[in-house]
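Below, each chain spelled out in residue letters.
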Amino acid sequence: MSSVYKIRKFRVPGYIKSAIEFLAPPENLTVSEWAARYRILNAKSSAMPGPWRNEVTPYLVDIMNEFNNYQTEKIVFCKATQVAGTEGMQNMLGFTAMQDPGPAMVVYPTDQLIERTVQTRLRPMIEDSPGLSKIYDKRRSGNDGIQFVNSFIALAGSNSPSGLASTPIRYLFLDEVDKYPSASKKEADPISLAIERTKTFWNRKIYMTSTPTLRTGQIWKAKEACDVERHFFVPCPQCGEMIELKFTQIKWPDKEEGLSDQDRAEQAYYVCQKCGCILDDNDKSEMIAKGEWRDVRKDTELIKSVAFWISSLYSP
């Protein structure tokens, strides 16, 4: 005689369900995978609102995922304008809040920039992302920092030394460092002050980004000091050779042809440095999609700091 066992299903109380969700381990995601799954671009701050798509700026994928490399302590992104360097930084911020919480700080050039950034970038990113909005504590957040259930992101201006020399932080994000003030007789430079706060953590991460000004500027010096420097190479659609897009390869019609500067710019074209074929903007999207970062300088095998350099020719 066989026995039949019936499995009874009970409703799980809401507080138990919440506890299980809170104690569950984080998803095994890279920063770029997290962005594709959770990041929503707001119409107020993006020309391409909607879910984050890595294929729009494929050169950001390896930069963001370098954040997941346990060996790398510092990431330096020396960039042109309009290549989404700050958006990549915000993806790292969102990733840390959800996947690997820890004390974090973002340093902006001035205190005045913080309020605008919170209103137009950080708060929309958090509120539009289902994962981040769930752990966001809006009541305790303000222009001095973003409070989550299990972590805090401090926001500071580089022109306020007192805000840079306080409690230890694990994650440090330095935005547009070439606009920071220099060291004074009373205080060290803001970058050194902020980095000093990360020394407590063996697993610290430092992300530094800026559009370069001079070779003596902070971002260029940081790039040169990194253990390895990488540039983005793309395949020529004609010869298939991997090339780095350079301004020296852009050609314009001669001035003698009677064209205005605007007309000359409209008729500009790119000449492949390998085969001499003519490339235009119609080729760029596919080229960038198949591009890859390559080492152009490597000073050591034990890599702790990585520099990425890219020009505005890659901007979508």
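Coordinates for the structure precede this section.
Per chain, residues are indexed from 1 in the order of the written sequence. Given that the model is predicted, a residue must reach a pLDDT of at least 70 before its local features are reported, and side-chain atom pairs must reach 80 or more before they are shown or counted; all residues, however, enter totals for whole chains, interfaces and linings. Hydrogen atoms and water are omitted, and side-chain values are computed over all heavy atoms in the structure.

**Focus on the overall build of the chain**
- Within the chain one finds 10 helices and 15 strands.
- Along the first, second and third principal axes, the C-alpha set of the chain runs to 95 × 70 × 45 Å.
- For the chain, the residues scored as buried account for 47% of the 316 residues in total.
- Between two residues, a contact is recorded if the distance between any of their heavy atoms is within 4.5 Å. Of the contacts made within the chain by residues no fewer than 6 positions apart, 73% connect residues no fewer than 24 positions apart.
- Total accessible area on the chain is roughly 17,800 Å²; 51% of this is exposed by carbon and sulfur atoms. Working definition: helices are DSSP H or I runs of at least four residues, strands are E runs of at least two. Numbering for both runs from the N terminus. Exposure classes here rest on a 1.4 Å probe applied to the protein chains alone. A residue is buried below 20% of its type maximum, exposed above 50%, and partly exposed in between. Accessible surface area values rest on a Shrake-Rupley calculation with a 1.4 Å probe, where residue burial reflects the displayed protein chains alone.

**Considerations on the pattern of salt bridges**
- Each reported salt bridge corresponds to a side-chain nitrogen of Lys or Arg within 4 Å of a carboxyl oxygen of Asp or Glu. If you walk through the whole model with that rule in mind, you get 19 salt bridges.
- Between Glu-229 and Arg-297 there is a salt bridge, with the nearest N and O atoms lying 3.4 Å from each other. With Glu-229 in strand 9 (residues 228-235) and Arg-297 in strand 14 (residues 292-298), the pair connects residues that are 68 residues apart, well separated along the chain.
- Taking the relative accessible area as the measure of exposure, Glu-229 reaches 7% and is therefore buried.
- Among the charged side chains, a network of salt bridges with common partners joins Lys-223, Glu-224, Glu-229, Arg-297 and Asp-299.

**Focus on the layout of surface pockets**
- Counted as a void, the largest pocket has a volume near 910 Å³.
- Of the two site types, the cavity is a set of points on a 1 Å grid over the protein atoms alone where a 1.4 Å probe fits but cannot get out, and the pocket is an open set with protein on both sides within 12 Å along at least five of seven lines, each lined by residues with an atom within 4 Å of a point. Lining of the largest pocket is provided by 32 residues; of these, Gln-82, Ala-84, Thr-86, Glu-87 and Arg-121 occupy positions nearest its centre.
- In terms of residues, the lining of the largest pocket owes the most to one element, helix 5 (residues 111-128), which gives 5 residues.
- For the lining of the largest pocket, the per-class residue count stands at 13 nonpolar, 11 polar and 8 charged. Grid points are joined across faces, edges and corners, and a volume is the space filled by probe spheres set on the points. Ten residue types, Ala, Val, Leu, Ile, Met, Phe, Trp, Tyr, Cys and Pro, are classed as nonpolar, four, Asp, Glu, Lys and Arg, as charged, and the remainder, Gly among them, as polar.

**Re the environment of Asp-263**
- Relative to the helices and strands, Asp-263 is located in helix 9 (residues 261-266).
- Residue class for Asp-263 comes out partly exposed when judged on its relative accessible area of 36%.
- With 172 residues separating them in the primary sequence, Asp-263 and Asn-91 have C-alpha atoms 39 Å apart.

**As for empty space enclosed by the protein**
- For the coordinates displayed, the defined rule picks out 2 cavities of 30 Å³ or more.
- Size it by volume and the largest cavity reaches roughly 50 Å³.
- Lining the largest cavity are Leu-93, Gly-94, Ala-97, Leu-122, Met-125, Ile-126, Leu-132, Ile-146, Phe-148 and Ile-153.
- Secondary structure elements with two or more residues in the lining of the largest cavity: helix 4 (85-99) and helix 5.
- Taken together, the residues of the lining of the largest cavity break down into 9 nonpolar, 1 polar and no charged.
- Along the walls of the second largest cavity sit Arg-39, Ile-40, Leu-41, Asn-42, Ser-45, Glu-87, Gln-90, Arg-121, Pro-124 and Met-125, which together make up its complete lining.
- Looking at the lining of the second largest cavity, the elements with two or more residues in it are strand 1 (40-41), helix 4 and helix 5.
- If one sorts the elements of the lining of the second largest cavity by residue count, helix 5 sits on top with 3 residues.
- Among the residues making up the lining of the second largest cavity, the classes are represented as 4 nonpolar, 3 polar and 3 charged.

**Re the environment of Leu-279**
- Its location among the elements puts Leu-279 in strand 13 (residues 278-279).
- Each C-alpha atom of the pair Leu-279 and Glu-229 lies 27 Å from the other, and the pair is 50 residues apart in sequence.
- Every residue in contact with Leu-279, bar those within four places of it in the chain, is listed here: Cys-236, Pro-237, Ile-243, Tyr-269, Tyr-270, Cys-272 and Met-287.

**Remarks on the nonpolar core**
- If you look at the biggest cluster of nonpolar residues, it comprises 59 residues, and the most contacted ones within it are Tyr-59, Ile-63, Phe-148, Leu-155, Phe-173 and Ile-243.
- Sort the elements by how many residues they give to this core and helix 4 lands first, with 6 residues.
- Not counting residues up to four positions away in its chain, the partners in contact with Tyr-59 are Val-83, Phe-232, Ile-288, Trp-293, Ile-310, Tyr-314, Ser-315 and Pro-316.
- By convention a nonpolar core is built from buried Ala, Val, Leu, Ile, Met, Phe, Trp, Tyr and Cys residues, the set being connected through side-chain atoms within 4.5 Å. Met-105, Ala-156, Met-208 and Ile-219 belong to the second largest nonpolar core, which has 23 residues in total.

**Concerning the side chain of Asp-189**
- For Asp-189, the position within the fold is in the loop between strand 7 (171-175) and helix 7 (190-196).
- As used throughout, the charge tally considers Lys and Arg to be positive and Asp and Glu to be negative, leaving His and the chain termini uncounted. Buried and unpaired, Asp-189 has Lys-221 as its nearest opposite-charge partner, separated by 7.7 Å.

**So, the sheet that holds strand 12 (residues 269-271)**
- Strand pairing requires that DSSP identify at least two bridges connecting the strands. Here 3 strands make up an open sheet; going across it, the order is 11-12-13 and the pairing antiparallel. Strand pairing shows two members of the sheet lacking a second neighbour, strand 11 (250-251) and strand 13, which therefore form its edges.

**Things to note about the side chain of Ser-210**
- Along the chain, Ser-210 turns up in strand 8 (residues 205-210).
- With near-sequence residues (within four places) excluded, Ser-210 lies in contact with Phe-77, Cys-78, Lys-79, Glu-176, Val-177, Asp-178 and Ile-219.

**What about the packing of helix 4 against helix 5?**
- One way to put it is that helix 4 packs onto helix 5 with a least axis distance of 11 Å and a crossing angle of 40 degrees. As far as their axial angle goes, helix 5 and helix 4 are oblique. Helix 4 and helix 5 meet at a crossing whose hand is right-handed. Facing Thr-86, Glu-87, Gln-90, Leu-93 and Gly-94 of helix 4, the residues of helix 5 in contact are Arg-121, Leu-122 and Met-125.
- Taken together, the residues of the contact of helix 4 with helix 5 break down into 3 nonpolar, 3 polar and 2 charged. For helices, the fitted line uses only the C-alpha atoms of the stretch in contact; every axis is such a line through C-alpha atoms, and the angle between N-to-C directions lies from 0 to 180 degrees. Angular relationships are summarised with four words: roughly parallel below 35 degrees, roughly antiparallel beyond 145, roughly perpendicular across 65 to 115, and oblique for the angles in between. In this scheme the handedness of a crossing depends on how the near helix is turned from the far one: anticlockwise by less than a right angle means left-handed, clockwise means right-handed.

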